[in-house]
Amino acid sequence: MLVLVIIALMVMAGEVHHLAVFAMMALGAFLAALPERIRRRKEPRLRSTWQGCVVCFCAGLAMVLAAGLARMNGGLLTGLMQGSVSAYAFGGLAWLAAAVAARIKERKRRT
Amino acid sequence: MKELLLGGMAGLALGIAAQRLGLHRRDDLRCALGLLHPAMLRRLLLAVGLGTMLTALMMWLAVIDVDTVAVPPLDGGTVIGGVIFGAVLGWSGLAPATAPVVLGADRFWEGLCAVAGCAAGALLLPYAERIFPALRGWLPASANTWFQVTLDEPFLFAGGFLGQGCIGLVIAVAALCVRRPKEDAPPEDIAPAEEPPAPEPASTAPEDVQDETFVAILPGEESVVVDTQEDPPEPEVE
């Protein structure tokens, strides 16, 4: 967690190419998950479902547009850390909506 | 070139940290947002709190140039966008920042679709900007910060970087107040069961009850079957 914070600060403090950050995150996650994959190579792996793919595509599309509407694309975490009132308002509203949606979804999934 | 190298290294480390935090597991992230998974919520809040404190310190030390800090205005778009963003986040358990982590760590095709969705959103954004002013205009815009951390933007309270650090401290303390989970987290890469197995119907008929089974039926409760058979004796070692 501390690494996450420090690296996020490094990204904020330095002028970095955000596309490079985005692309290398996948590689970093793959490398981090590799030991676990090797250890469980004989067990059945999780498979993507087409419903999951549709949900992920629509979620990515909607969230980028919503963040663009709020002018928060790539700026929510930095806005929170820099004390921007709009970032706190966005984060608070998003959390409220996410909590309601997550509880509804979990209840639906369990029934 | 320096931007690419620095960004690549930062992205690599961010990906490793996000995977270790478990942000690639959509169900866990959803439960954390819904206050159903306190461990991850605790970590996320602690990250924001510590990050806020460190940011205030780095701004005070002039490591972060306050001239480059952009404060987006609070207007109608913030409210509508925040609600839509949060609803989709809670429903899907996916954020734009965690899409590449899902791609690399867990489910390749779902992660790829999420990244494709983000890219499609970025492509559509210039066209959507045409209707955004109408959605933003119902609330007057104000670009404030809580404390004075920039040179030009208005601020609400006096206190400067110290006050900003105090906000981070409050968030970190709030994170520490989130109760710890009683049980260990489930092992990684194991999806939670979609539906719990249906319990076998317990029969209360006398002929169905075995010798070493005790059937307890409490008023208003479901029937509970308790197996009272003792463990087999361990073989003696000579």
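Below: a short report on this structure.

Cut-off values and rules
Residues numbered from 1 in each chain as written. Chains lettered and ligands numbered in written order. Predicted model: local features only at pLDDT ≥ 70, side-chain atom pairs only at ≥ 80, totals over all residues. Helix = DSSP H or I, 4+ residues; strand = E, 2+ residues; numbered from the N terminus. Expected span 1.5 Å × (residues − 1). Buried ≥ 20, exposed ≤ 12 C-beta atoms within 10 Å, placed from the backbone. Arc of directions from axis to C-beta. Contact = placed C-beta atoms within 7 Å. Nonpolar A, V, L, I, M, F, W, Y, C, P; charged D, E, K, R; others polar.

As a further point, take helix α8 (residues 160-177) of chain B. Residues and elements named next belong to chain B. Its 18 residues place the ends of α8 26 Å apart at the C-alpha level, agreeing with the 26 Å of an ideal helix rising 1.5 Å per residue. Of the residues making up α8, those classed as buried are Gln164, Gly165, Ile167, Gly168 and Ile171. The buried side chains of α8 occupy one side of the element, clustering within an arc of 150° when seen end-on. Summarising the geometry of α8, the exposed residues directed more than 90 degrees from the buried face are Leu162, Val170, Val173, Leu176 and Cys177. On its buried face, α8 sits against α3 (38-60) and β1 (145-147).

Summarising the element assignment, Leu27 of chain A is placed in helix α2 (residues 18-39). Leaving out residues up to four positions away in the same chain, Leu27 of chain A has contacts with Leu12, Gly15 and Gly104 of chain B.

Below, the discussion takes up the interface of chain B and chain A. Contact residues are listed per partner, giving 97 residues for chain B and 79 residues for chain A. No other element matches the 17 residues that helix α1 (residues 2-21) of chain B contributes to the side of chain B that touches chain A. By residue class, the composition of the side of chain B that touches chain A is 65 nonpolar, 23 polar and nine charged.

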